[in-house]
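Notes for the structure review
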Amino acid sequence: MAHFEKANSLEEWLDQRLAIKTLRRVLAEEYWIPKNINFLWAMGMVLAVTFGILLVSGIFLLMYYQPNVKLAFDSVNYTIMKEVEFGWLWRHMHAVAASVVFLIIYIHMFTGIYYGSYKKGRELIWISGMLLFVTFSAEAFSGYMLPWGQMSYWAGMVITNLFSLGSLELNGLVEWIRGDYVPGQAFLDRFFMLHVLLLPLVIMALIGLHFGTLRIPHVNNQDGEEIDFDAEAKKYLEGKKKESKVIRFANDFMSKDMFVVSIFLIFYFYLVFWHFDFAMDPINFDPADGLKTPPHIYPEWYFLWSYEILRPFPKDPGLVAFGFAQVIFFALPFLDKSPNVAPASRRGTFKYWFWLLLVDMIVLTVMGKLPPQGIYSTIGLVAAVVFIGLWVALPFITKNEKAV
Amino acid sequence: MKELKILGVVVFFTLLTYWGVEPYAHSVMHPHVESDGFKYDDLPALTKKGDAQRGAQTFLSAGCTGCHGVKAAGMPAPMDPNAAAASFGVNPPDLSNAGSVYDEKFLAALIKNPEHALMVEHKFSKMGRAYPMPAFYGVGGDKDQEVADIVAYLKSIAKKDVTPKEAYELACGRCHAMHYDNWTQIGEKPKFKHKKDELLFEAKVLEYQDHLTKYLGKLPPDLSMYIRSRGEHYLKTFMENPQNLLHGTAMPRVGVTAEAAEKVLEHMADVGDAKRHERTSVGVKVMIYLFIFAILAYLWKQSLWRELH
Ligand code: HEM
């Protein structure tokens, strides 16, 4: 057995047993961050905070939610919204955070694409991030089933139908996923399990992995400059803070993170109290009714772009295109053939690729919500083809990129 | 400053996306219908000035009380809701507050030709069905005068300030349940001591709903959450003229005044969005807290970064 001295403070006592001083040094004080970064690098912290909000508000909702097709709607809309003190607040916080988290995820992703933060040692950061994106998507979809409203039911119907894989007609697979011919009790129960247990566990594990993948390559910076972290850290520790190109994560960068988080929270709580409809679709306040198809069925806004890649094509090619859209972002580090780690603005043709992709995805998002008629289907089709074309073109564009 | 420029770009694309999927998409999916302020311009204005005292007499001779109760004048309903629904398909409402909930032009038009005022001819005379409430053919004098008198009488007995709940019960309650408020089409569901009494009551509700379904072709929906699922604007314009939004629907134009419509909406909000006042007051406090938090966070950052730059 190891030898223990009497401790003179709680900190010392814990340090003897948990090495908290070392932990703090390694994880925070001497976790070095480049000085040359802007507020977009705080989006990760904003995401962590938002996930915390989802977790805490979710736990409160869970205390009153009933995963039963006869009771679910009323347990949310009556018990939680009317009976339970501040139940409405937890619900609005949960629903708005679930929507806003995707806005931040998209900003976070496009920041990564813009600054080339997915290559030269950062491939795993990107891949673990994409795994988080996919799991968050599954988490949001499963959560959307829970209030058992009209959109829960019909979106559940439409999305699970995709697994019949078009002309393969794998109806058995669809029934296996649903646990029934149509969404019903078995369906609600399993999505409840996924939403409150399995997927949150996976998300937490993935967040750990994501942080782990950051450790060795460190975060990128505004110029994509390669920094000698040991040398710069030494300067900092010698007191040449102004000269050093790095700062401590805590408290240097954290203080900036916190300021960005506070601005984010002002925006988020404004939405929670005064502008929540965009995150809580009115149609979902009608109870699920398997006999009454709503005139417009559409997913939440953050799935619209991929939905619109599915819709304008005939059934089978549509599914292939949809599958392509789901996985192609994973391949970004390998499709970008240029060795340059630099902001898109300095990367020649890639600059246009970046802005086109962004605008194209916004166009897809808007068309995904609009009814697929007339000019909207045409625009949707063109945007979907452009999306695929952009990805096919990426290796060719980047191959001959001049070194910067 | 560079960071502000970046923020500007982020905000621009966020707002652009928001505009596309919310205001723009909704304007395409749900053509906008404006309210006419419950003026009922298609109905003729009253040409005669009514006299409430004469109206009391005319009202009795017109036979309205054969079907409607008027509790305010000491006249209970002639039948219980279920018996009434068995004869008419629906329970004729108590008219005590009709004078303040319904528009006077509408009331006059209703008395002369109920189907027309309610805009349900497509479901009745045009389909060869008789409307359960008969048109008033006059009691021997000038019909316009008689109608004006009845309207004046109804206005004279009505409470001036009906509560939101009373407005809902009179205007919508016979067709639409609202179970988050314990409301059934045959009235408020009481608290029962014995399970048996409760089951008997529920059986009555189901029986009433059967008649109603037969009468209207479908059971009118429970309106508990409609303030959230349809929103105020839709409900208001729908109430004013259901045919504008659901062409061919069996839901009648109920003919409420603008004021009564506000009350109906308020009741629906009290039931379906009960915490809206609390939401605003808590929201203001949270905002104040966050502004202070942001200022402190900024000062903290400045104090640390002074040494770094
Ligand atoms: C582990 C933490 C979580 C727990 C315990 C939890 C729990 C719940 C519960 C009980 C509900 C049903 C009540 C309601 O509909 O308001 C719900 C709804 C929902 N959740 Fe979660 N949740 C968690 C995390 C998340 C995350 C990470 C997301 C998305 C990224 C998410 C998205 C949603 C959505 C979209 C709804 C539907 C909200 C609505 O329609 O009001 N949840 N959640």
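Since this is a predicted model, take the numbers as computed values, not measurements. For every chain, the first residue of the written sequence is number 1, and numbering continues from 1 onward in sequence order. For naming, the first written chain is A and the first written ligand is 1, with later ones following in the order written. In keeping with the model being predicted, local features are shown solely for residues with a pLDDT of at least 70 and side-chain atom pairs are shown and tallied solely at 80 or more, while totals for entire chains, interfaces and linings include all residues. Side-chain metrics rest on all non-hydrogen atoms present in the structure, leaving aside hydrogens and water.

**Things to note about the packing of aromatic side chains**
All names here are of chain A. Here a pair means two rings of Phe, Tyr or Trp (six-membered ring of Trp) with centres within 6.5 Å. Their orientation is stacked below 30 degrees between planes, edge-to-face above 60, and tilted elsewhere. Scanning the entire structure with this criterion turns up 51 aromatic pairs over all chains. Residues Phe60 and Trp90 carry aromatic rings whose centres are separated by 4.3 Å and whose planes lie at 0 degrees to one another, so their mutual orientation is stacked. Taken together, the residues Phe60 in helix α3 (residues 43-62) and Trp90 in helix α5 (residues 87-115) connect sequence positions 30 residues apart. A relative accessible area of 37% places Phe60 in the partly exposed class. A 1.4 Å probe rolled over the protein chains alone gives each residue an accessible area, and that area as a share of the maximum for its type sets the label: buried under 20%, exposed over 50%, partly exposed in between. Owing to a relative accessible area of 23%, Trp90 belongs among the partly exposed residues under this scheme. Taking the centre distance of 5.5 Å and the plane angle of 35 degrees together, the rings of Tyr65 and Phe192 count as tilted. In this description a helix means any DSSP run of H or I spanning at least four residues, a strand means any run of E spanning at least two, and both kinds are numbered starting from the N terminus.

**Quick look at the environment of A:Met145**
Residue and element names in this part refer to chain A. For Met145, the location among the structural elements is in helix α6 (residues 123-145). The spacing of Met145 and Ala155 is 10 residues in sequence and 8.2 Å in space, taken between C-alpha atoms. For Met145, the contacting residues outside a window of four places in its chain are Ser152, Ala155, Gly156, Phe187, Leu188 and Phe191. Contact between two residues is taken to exist if any of their heavy atoms lie within 4.5 Å; hydrogens are not considered.

**Notes on the side chain of A:Ser128**
All names here are of chain A. Note that Ser128 resides in helix α6. Judged by its relative accessible area of 2%, Ser128 falls in the buried class. Nitrogen and oxygen atoms within 3.5 Å of one another constitute a polar contact, given that in protein one can donate a hydrogen and the other can accept it, and given that sequence-neighbouring residues count only through two side-chain atoms. For Ser128, the side chain forms a polar contact with the side chain of His210, separated by 2.9 Å. When residues no more than four places from it in sequence are discounted, the contact partners of Ser128 are Leu209, His210 and Thr213.

**Quick word on the nonpolar core**
A:Phe329, A:Phe387 and B:Val256 are the most contacted members of the largest nonpolar core, which totals 197 residues. It is α5(A) that contributes the most residues to this core, 19 residues altogether. Apart from the residues lying within four places of it in its own chain, the contact partners of A:Phe387 are A:Trp305, A:Ile309, A:Phe324, A:Ala325, A:Ile328, A:Phe329, A:Leu357, A:Asp360, A:Met361 and A:Leu364. For this analysis, a nonpolar core means a set of buried residues of the types Ala, Val, Leu, Ile, Met, Phe, Trp, Tyr and Cys, connected via side-chain atoms within 4.5 Å. Counting 5 residues, the second largest nonpolar core, distinct from the first, contains A:Leu162, A:Tyr307, A:Leu310 and A:Phe322.

**Some words on the packing of helix α15 (residues 349-369) of chain A against helix α16 (residues 374-399) of chain A**
Residue and element names in this part refer to chain A. Every axis corresponds to a line fitted to the C-alpha atoms, with the helix fit spanning only the stretch in contact, and the corresponding angles, defined between N-to-C directions, vary from 0 to 180 degrees. Close contact between α15 and α16 brings their axes to 9 Å; oriented N to C, the two are set at 155 degrees. As summarised for this structure, α15 and α16 are arranged roughly antiparallel, according to the angle between their axes. Between α15 and α16 lies a crossing whose hand is left-handed. Across from Thr349, Phe350, Trp353, Leu356, Leu357, Asp360, Met361, Val363, Leu364 and Met367 in α15, the residues of α16 making contact are Tyr376, Ile379, Gly380, Ala383, Ala384, Val386, Phe387, Leu390, Trp391, Leu394, Ile397 and Thr398. Gly is put with the polar residues, along with every residue not named as nonpolar or charged; the nonpolar set is Ala, Val, Leu, Ile, Met, Phe, Trp, Tyr, Cys and Pro, and the charged set is Asp, Glu, Lys and Arg. Class assignment of the residues belonging to the contact of α15 with α16 gives a composition of 18 nonpolar, 3 polar and 1 charged. Should an angle fall under 35 degrees it is called roughly parallel, over 145 degrees roughly antiparallel, and 65 to 115 degrees roughly perpendicular, with every other angle called oblique. By the definition used in this description, the sense in which the near helix is turned from the far one sets the handedness, with an anticlockwise turn below a right angle giving left-handed and a clockwise turn giving right-handed.

**Structural notes on the pattern of salt bridges**
Salt bridges are counted wherever a side-chain nitrogen of Lys or Arg sits within 4 Å of a carboxyl oxygen of Asp or Glu. Taken as a whole and judged by the stated rule, the model has 28 salt bridges over all chains. In this structure, A:Lys119 engages A:Asp336 in a salt bridge whose closest nitrogen and oxygen atoms are separated by 2.8 Å. Of this pair, A:Lys119 sits in the loop between α5 and α6 while A:Asp336 sits in the loop between α14 (332-335) and α15, placing them 217 residues apart in sequence. Just as A:Lys119 is buried, A:Asp336 falls in that class too. Between B:Glu22 and A:Lys369 there is a salt bridge, with its nearest N and O atoms 3.3 Å apart. Residue B:Glu22 is found in helix α1 (residues 2-29), and its partner A:Lys369 is found in helix α15; the two belong to separate chains.

**Considerations on the coordination of the iron atom of the ligand**
Residues and elements named next belong to chain A. Coordination partners: N, O, S within 2.8 Å of the metal, 3.2 Å for Na, K and Ca; water not considered, so apparent gaps in a site are possible. The protein atoms that coordinate the iron atom of the ligand are His94 (NE2) and His195 (NE2), at distances of 2.0 to 2.1 Å. Key to geometry: four donors with every angle between 85 and 135 degrees are tetrahedral; four donors are square planar and six octahedral where opposite donors lie over 155 degrees apart and all remaining angles lie between 65 and 115; all other sites are irregular. Geometry at the iron atom of the ligand is octahedral, judged from its 6 donor atoms and the angles of 81 to 179 degrees they form at the metal. In this pair, His94 is assigned in helix α5 and His195 in helix α9 (residues 185-215), connecting sequence segments 101 residues apart. When sorted by exposure, His94 lands in the same class as His195, which is buried.

**Brief notes about the site of the ligand**
Residues and elements named next belong to chain A. Distances are taken per atom, and a residue is near a molecule or strand as soon as one of its heavy atoms is within 4 Å of it. Neighbouring residues of the ligand: 23 residues in total, closest Leu55, Arg91, His94, Glu139 and His195. Separating a nitrogen atom of the ligand from a side-chain N or O atom of His94 is a distance of 2.7 Å. Within the contact set of the ligand, a nitrogen atom lies 2.7 Å away from a side-chain nitrogen or oxygen of His195. If you list the elements that add at least two residues to the shell around the ligand, you get α3, α5, α6 and α9.

**Concerning the side chain of A:Thr160**
All names here are of chain A. Within the secondary structure layout, Thr160 lies in helix α7 (residues 150-161). There is a polar contact of 2.9 Å between the side chain of Thr160 and the side chain of Arg178. Each residue touching Thr160, except ones within four places of it in the same chain, is listed here: Val174, Ile177, Arg178, Phe187 and Phe191.

**Quick notes on a nonpolar patch on the surface**
Residue and element names in this part refer to chain A. Patch criteria: residues need more than 30% relative accessible area and no salt bridge. Like-charged residues are merged within 9 Å; nonpolar side chains of Val, Leu, Ile, Met, Phe, Trp and Tyr are merged within 5 Å. In this description, accessible areas are obtained by the Shrake-Rupley approach with a 1.4 Å probe, and a residue is regarded as covered only by the protein chains that are shown. Taken together, the side chains of Leu55, Val56, Ile59, Phe60, Met63, Tyr64, Met193, Leu197, Leu198, Leu201, Val202 and Met204 present a nonpolar region at the surface, about 1,000 Å² in accessible area. Of all the secondary structure elements, the ones that give two or more residues to the nonpolar patch are α3 and α9. The biggest single contributor to the nonpolar patch is α9, with 6 residues. Along the polypeptide, Met193 turns up in helix α9. Overall, Met193 belongs to the partly exposed group, its relative accessible area being 37%.

**Section: the interface of chain B and chain A**
Residue-level contacts link 53 residues of chain B with 59 residues of chain A. Approximately 5,200 Å² of surface area, both sides summed, lies buried where chain B meets chain A, with 70% of it carried by carbon and sulfur atoms. What gets called buried area is simply the loss in accessible area from a 1.4 Å probe that two parts show on being joined, summed for both. Three residues stand out in chain B for area buried against chain A, namely B:Tyr180, B:Arg228 and B:Leu308, and they jointly supply 14% of the buried area on that side. Here chain B is connected to chain A by 4 salt bridges. Between A:Asp286 and B:Arg230 there is a salt bridge; the shortest N-O distance is 2.7 Å. Scanning the region where chain B abuts chain A turns up 21 residue pairs in polar contact (both at pLDDT 80 or more). At the level of secondary structure, the elements contributing two or more residues to the side of chain B that touches chain A comprise α1, α10 (226-229), α13 (258-272) and α14 (276-305) of chain B.

**Considering unusual backbone geometry**
All names here are of chain A. Omega for the peptide link from Ala250 to Asn251 comes to -5 degrees, which places this bond in the cis form. You will see that Glu169, though not glycine, has its phi angle at about 45 degrees, which is positive. Of note, Glu169 is situated in the loop between α7 and α8 (171-178).

**Regarding the domain arrangement of chain A**
All names here are of chain A. Each domain's extent is set by a domain assignment, obtained either automatically or from a database. What the domain assignment lists for chain A is domain 1 (31-297) and domain 2 (302-404). With 33 residues of domain 1 at the contact, the number on the domain 2 side is 33 residues. Of the roughly 2,900 Å² buried at the junction of domain 1 and domain 2 (both faces included), carbon and sulfur atoms supply 70%. Contact with domain 2 buries surface across domain 1, with Phe110, Tyr114 and Lys119 losing the most and accounting together for 24% of the total. Our enumeration of links across domain 1 and domain 2 arrives at 2 salt bridges. Taken together, the links from domain 1 to domain 2 amount to 13 residue pairs in polar contact (both at pLDDT 80 or more). Among the secondary structure elements, those contributing two or more residues to the side of domain 1 that touches domain 2 are α5 and α6. Of the residues in the side of domain 1 that touches domain 2, the class split is 19 nonpolar, 9 polar and 5 charged.

**Considering helix α4 (residues 72-83) of chain A**
Among the residues making up α4(A), those that are buried are A:Ala72, A:Phe73, A:Ser75, A:Val76, A:Asn77, A:Ile80, A:Met81 and A:Lys82. Turning to α4(A), the residues buried within the fold contact α3, α5 and α9 of chain A together with α10 and α13 of chain B.

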